[in-house]
Amino acid sequence: MSISISPTTYTLGSNAAAPVVSVTNNTPAATVTCTLNPTNGFTVTSAGSITGSGTFALSTPTTQGSFTFTPTCTTSTSGYTSVLVSPGSVSLQVNPVPPVNTGCDATQLSTPLNGITLKRQCSGAVNIMPSSIAYNNALTDLGTVLGNSSFPAYKYAGYSPTFTIQSGYYVALAFTPQVSGAFQLVANTSYGDGGTISLSTMPGALTRGSAGAICVQNANASNSLYISTSSTTCQVTVGTTYFINFADTNINGDSLCYNSGPGTCGNSTVSYTLYR
């Protein structure tokens, strides 16, 4: 019997197909039956045994490391007393989730809005309305902006973080869920525009269908994103880094300029109420 595994390497969080162990009977005159009892957290999701040639589908890897799989093969065909399996086992290398560059730079352009691209704004002011709480520092990490908290237990629930965004720029805030949960952002036009908002796996994905975009809402007073590990729309996965992107523009890339004429301001405000 010959055995193989595909793929031989797997990266956590890649959503690639789960590994499969294949066995091939190279001696047709003998009836050979093989079983596979993997350890280290893996299970066989297909048939428990194979007679002849076939495949064992494995569960999706969840832990990084190197794992070895050894089928057990037997035969009851007269004249054959043992089964030689070559190689004796196969190995799978599971790699960790690759690091995401959450560093900020103005060269990280948004996806085009009617041909207009926005630069990434790396620092600035956020007022937690209607309180007197204010933040003025790096605009790169969601938890830092929201009182040094983490998904999904962000601070300021019921309040409206209101971002001052420069014209021609967008803000992208990274977060990485480590537990299951959910939170919601709902536009609050008492303090700023709804603007364009999106959930993505890379900064600046502001248009539907663009690379990394998961959920996109064009500028609207009723914009809302419900972000959850169990949602069917704006779904996130534990261990993966995501970005919330804000821009005070419409779908055409025009600056909205809260409480003034479009295109007349140097900066404007975008406001969303946090619920959890």
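Shown above is the structure to which this text applies.
These lines cover the structure that appears in this document, whether it is placed above or below. (Residues numbered from 1 in each chain as written. Predicted model: local features only at pLDDT ≥ 70, side-chain atom pairs only at ≥ 80, totals over all residues. Heavy atoms only, no water.)

## Examining the overall build of the protein chain
For the protein chain, the helix and strand inventory stands at one helix and 20 strands. On C-alpha atoms alone, the protein chain measures out to a radius of gyration of 26 Å, which is more than a quarter above the 19 Å that the 2.2 N^0.38 rule sets for 276 residues. C-alpha atoms of the protein chain, sized along the principal axes, occupy 90 × 35 × 30 Å. When burial is assessed residue by residue, the protein chain has 42% of its 276 residues classed as buried. For the protein chain, the proportion of contacts with a sequence separation of at least 24, taken over those separated by at least 6, is 66%. For the protein chain, the accessible surface area stands at approximately 12800 Å², while carbon and sulfur atoms represent 49% of it. (Helix = DSSP H or I, 4+ residues; strand = E, 2+ residues; numbered from the N terminus. Rg over C-alpha atoms; globule rule 2.2 N^0.38 Å. Buried < 20%, exposed > 50% of the residue type's maximum accessible area, 1.4 Å probe, protein only. Contact = heavy atoms within 4.5 Å. Areas by Shrake-Rupley, 256 points an atom, 1.4 Å probe, with all protein chains shown as cover.)

## Description of the sheet that holds strand β5 (residues 49-51)
An order of β5-β4-β8 is seen for the three strands of this open sheet, with the pairing classed as antiparallel. At either end of the open sheet lies a strand with only one pairing partner, and these are β5 and β8 (72-75). When strand polarity is set aside, the average angle formed by the axes of neighbouring strands in this sheet is 20 degrees. Two elements, strand β4 (residues 32-35) and β5, share three bridges in a ladder whose sense is antiparallel. The partner of Thr35 across the bridge, within β5, is Ser49. (Pairing = 2+ DSSP bridges. Axes fitted to C-alpha atoms, helices over the stretch in contact; angles between N-to-C directions.)

## Some words on the packing of aromatic side chains
Both the distance between ring centres and the angle between the ring planes are used here to describe each pair of aromatic rings. Enumeration over the complete set of coordinates arrives at ten aromatic pairs. On the basis of an interplanar angle of 75 degrees and a centroid distance of 6.5 Å, the ring pair of Phe151 and Tyr154 is categorised as edge-to-face. The burial state of Phe151 is the same as that of Tyr154; both residues are buried. Ring centres 6.0 Å apart and planes at 75 degrees place the aromatic pair Phe151 and Phe183 in the edge-to-face group. Of the two residues, Phe151 is situated in the loop between α1 (142-145) and β13 (160-166) and Phe183 in strand β15 (residues 182-187); the sequence distance between them amounts to 32 residues. (Phe/Tyr/Trp six-rings, centres within 6.5 Å; stacked < 30°, edge-to-face > 60°.)

## Things to note about the sheet that holds strand β1 (residues 2-6)
Across the sheet, which stays open at both edges, the three strands sit in the order β1-β3-β6 with antiparallel pairing between neighbours. Two strands in the sheet have a free side with no partner beyond their single neighbour: β1 and β6 (54-57). Strand-to-strand twist across the sheet, computed as the mean angle between neighbouring axes with direction ignored, equals 20 degrees. Where strand β3 (residues 20-24) lies against β6, four bridges are found, and the strand directions are antiparallel. Across the sheet, residue Val21 finds its bridge partner in β6, namely Phe56.

## So, the state of the cysteines
Tallied over the full model, the rule gives four disulfides. The disulfide that involves Cys34 links it to Cys73, with 2.1 Å between the sulfurs. Across the disulfide from Cys34 to Cys73, rotation about the S-S bond amounts to roughly 110 degrees, and the bridge is consequently right-handed. Remark: Cys73 occurs in strand β8 and Cys34 occurs in strand β4; sequence separation between them is 39 residues. As far as the burial class goes, Cys34 and Cys73 line up, both buried. Two residues, Cys257 and Cys265, share a disulfide whose sulfurs are 1.9 Å apart. Between Cys257 and Cys265, the S-S torsion sits near -80 degrees, and that sign places the bridge as left-handed. Each disulfide in the protein chain links cysteines that, numbered along the sequence, combine into the pattern 1-2, 3-4, 5-6, 7-8. (Disulfide = S-S within 2.5 Å.)

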